[in-house]
Amino acid sequence: GPGFDHRVLWVFRRAGLPVEVIREFETWRQVRDAEGTTGWVAQTLVSGRRTALVLPWDAKTSPTPRVSLFSDDSERSRPVAIVEAGVIANIRSCDGSWCHVSIGELRGYIPQKKLWGVYPNETLR
């Protein structure tokens, strides 16, 4: 619940994980993660920086699925890198079909439908 008198259910161990804010109460935010788990966190622990997970729904399968990071917003463009499911990508922009992302020093494009952390058809500039 929203407050320090509620017990801690889990702790995020990876910085930059995307969460969806689904409710607000004073200085608390109820969030949902890529697995659908919900809980309350202090507003100060939630950043406005947009990130996304690559294919989180496939991250636990074996072998781990991979996705091409393209040089442009087309599957006919040159692949810049191959990234595994579960990788965190920083969102630079999305046009509703493709997102321009950065992963470490790499920059490129991933189909928006392969990311959790942006809504279908959402545009970000």
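Our structure's up above, just so we're on the same page.
The structure displayed is predicted, hence computed values, not measured ones. (Residues numbered from 1 in each chain as written. Predicted model: local features only at pLDDT ≥ 70, side-chain atom pairs only at ≥ 80, totals over all residues. Heavy atoms only, no water.)

I tried to follow the environment of Val 8 on my own but got confused; where do I start?
Mapped onto the fold, Val 8 is located in the segment before β1 (20-25). Residue class for Val 8 comes out exposed when judged on its relative accessible area of 64%. Between the C-alpha atom of Val 8 and that of Trp 40, which follows or precedes it by 32 residues, the distance is 9.2 Å. (Helix = DSSP H or I, 4+ residues; strand = E, 2+ residues; numbered from the N terminus. Buried < 20%, exposed > 50% of the residue type's maximum accessible area, 1.4 Å probe, protein only.)

Any chance you could explain the pairing of strand β7 (residues 88-95) here in plain terms?
Consecutive side chains along a regular strand alternate between the two faces of the sheet. Relative to β7, strand β4 (residues 51-54) runs antiparallel, the two being bridged by three bridges. Looking at the pairing, Thr 51 lines up with Asn 90 of β7. Across four bridges, β7 lies against strand β8 (residues 98-103) in antiparallel orientation. Within β8, the residue paired with Ser 93 across the bridge is His 100. What sits between the antiparallel neighbours β7 and β8 is a turn of two residues, in which Gly 96 has the positive phi angle 105 degrees. (Pairing = 2+ DSSP bridges.)

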